[in-house]
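Residue-level listing of the chains:
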Amino acid sequence: MRYWLAIIGTLLLLAAAGSAGSFEARIDVDTYVNSIEEEESYGDSDLLWVSSQDDDDDDASTNETHRSYVNLFGSQRIFNPDQIKSATLTLNVARVDDEGEIKAYFLEGATLNTLTWKDKVEYALNVSSDSVEIDEAEDVIELDVTPVIKKAVEACAEGCPYTIVLVGEDDVSVAFVSSEASDEDMPVLEYVTEE
């Protein structure tokens, strides 16, 4: 009897240990797509571009950055979106051609290294971070991507990949350091779970 109680106690401790903490997501692919060179892929680029042009009717995106992540939620015992307390995407700004705002959106599924503008899938317009203003290079910015990660858990806690798409608003043209360029300045996605 004591043997079974010890096993149950150990399992409960392991479950509790896995239910709270801070996790860094593992990047699979980061790339960007360009509406002018719509058949080009930029998976090996050192820079990740986000650009848009403001016309009279709408914002027209010209460069979007796609960051695909390996889904480890199941192995981290994250099965419910409510377990996500917060999530932050940290980016190093390498270049600012035009100051402006960007926003992060959720896209279900993986992004391939060969992605082009012509092949891209539309992201979920109703699942995004708040906008963040970018006004100078060599700056580090943080996007609160909590709604995006909550949606990723909801869409597939068991292992299917997910993508964060960075999109510009109004007139903006900025570049971020990619995972190809630097290990120390590469973008970092971190999420914290509830206790």
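Everything here concerns the structure above.
Residues numbered from 1 in each chain as written. Predicted model: local features only at pLDDT ≥ 70, side-chain atom pairs only at ≥ 80, totals over all residues. Heavy atoms only, no water.

Draft legend 1. Structural view of the nonpolar core. Residues Ile 149, Tyr 162, Phe 176 and Tyr 191 are the most contacted members of the largest nonpolar core, which totals 36 residues. Ranked by residue count, the leading element in this core is strand 5 (residues 84–98), at five residues. Ranked by size, the runner-up nonpolar core spans five residues in total, among them Tyr 105, Tyr 123, Val 165 and Val 167. (Core = buried A, V, L, I, M, F, W, Y, C linked by side-chain atoms within 4.5 Å. Buried < 20%, exposed > 50% of the residue type's maximum accessible area, 1.4 Å probe, protein only. Helix = DSSP H or I, 4+ residues; strand = E, 2+ residues; numbered from the N terminus.)

Draft legend 2. Examining the pairing of strand 12 (residues 188–193) more closely. Side chains Leu 189, Tyr 191 and Thr 193 of strand 12 all project onto a buried face; the interleaved residues Val 188, Glu 190 and Val 192 project onto a face where none is buried. Pairing of strand 1 (residues 21–24) with strand 12 involves four bridges; the strand directions are antiparallel. Pairing of Glu 24 across the sheet is with Glu 190, part of strand 12. With six bridges joining them, strand 5 and strand 12 adopt antiparallel strand pairing. (Pairing = 2+ DSSP bridges.)

Draft legend 3. A look at the state of the cysteines. In this structure the tally under the stated criterion is one disulfide. There is a disulfide in this structure between Cys 156 and Cys 160, and the S-S distance comes to 1.9 Å. (Disulfide = S-S within 2.5 Å.)

Draft legend 4. The arrangement of the side chain of Lys 120 in detail. Among the secondary structure elements, Lys 120 is positioned in the loop between strand 6 (100–108) and strand 7 (124–128). Once you skip the residues sitting within four places of it in the chain, Lys 120 turns out to touch Val 33, Glu 64, His 66 and Leu 115. (Contact = heavy atoms within 4.5 Å.)

Draft legend 5. Spatial organisation of a negative patch on the surface. A cluster of acidic residues, Asp 54, Asp 98, Glu 99, Glu 133, Asp 135, Glu 136, Glu 138, Asp 170 and Asp 171, forms a negative patch on the protein surface. Following the sequence through the fold, Glu 136 ends up in the loop between strand 8 (132–134) and strand 9 (140–144). (Patch = residues over 30% accessible without salt bridge, like charges linked within 9 Å, V, L, I, M, F, W, Y side chains within 5 Å. Areas by Shrake-Rupley, 256 points an atom, 1.4 Å probe, with all protein chains shown as cover. Salt bridge = Lys/Arg side-chain N within 4 Å of Asp/Glu carboxyl O. Lys, Arg positive; Asp, Glu negative; His and termini not counted. Charge placed at Lys NZ, Arg CZ, Asp CG, Glu CD.)

Draft legend 6. Main features of helix 2 (residues 146–155). Within helix 2 the residues assigned to the buried category are Thr 146, Val 148, Ile 149, Ala 152 and Val 153. All buried residues of helix 2 lie within an arc of 165 degrees about the axis, which places them on one face of the element. (Arc of directions from axis to C-beta.)

Draft legend 7. The packing of aromatic side chains, seen in detail. Throughout the structure, instances matching the rule amount to six aromatic pairs. When the centroid spacing of 4.3 Å and the interplanar angle of 15 degrees are considered together, the rings of Tyr 32 and Tyr 42 count as stacked. Here Tyr 32 is found in strand 2 (residues 26–34), whereas its partner Tyr 42 is found in the loop between strand 2 and strand 3 (47–54), with 10 residues between them in sequence. Given a relative accessible area of 9%, Tyr 32 falls into the buried group. In textbook terms, an aromatic cluster arises when at least three aromatic residues are bridged by ring pairs, as seen for Phe 23, Tyr 69, Phe 73, Tyr 162 and Tyr 191. The lysine or arginine in question, Lys 120, covers the ring of Trp 117, its NZ or CZ lying 4.3 Å from the ring centre. (Phe/Tyr/Trp six-rings, centres within 6.5 Å; stacked < 30°, edge-to-face > 60°. Lys NZ or Arg CZ within 6 Å of the ring centre and 35° of its normal.)

Draft legend 8. Seen up close, the environment of Lys 85. Among the secondary structure elements, Lys 85 is positioned in strand 5. Sequence-wise, Lys 85 and Val 192 are 107 residues apart; in three dimensions their C-alpha atoms are separated by 5.5 Å. Contact partners of Lys 85, with chain neighbours within four places excluded, come to Thr 146, Val 192, Thr 193 and Glu 194.

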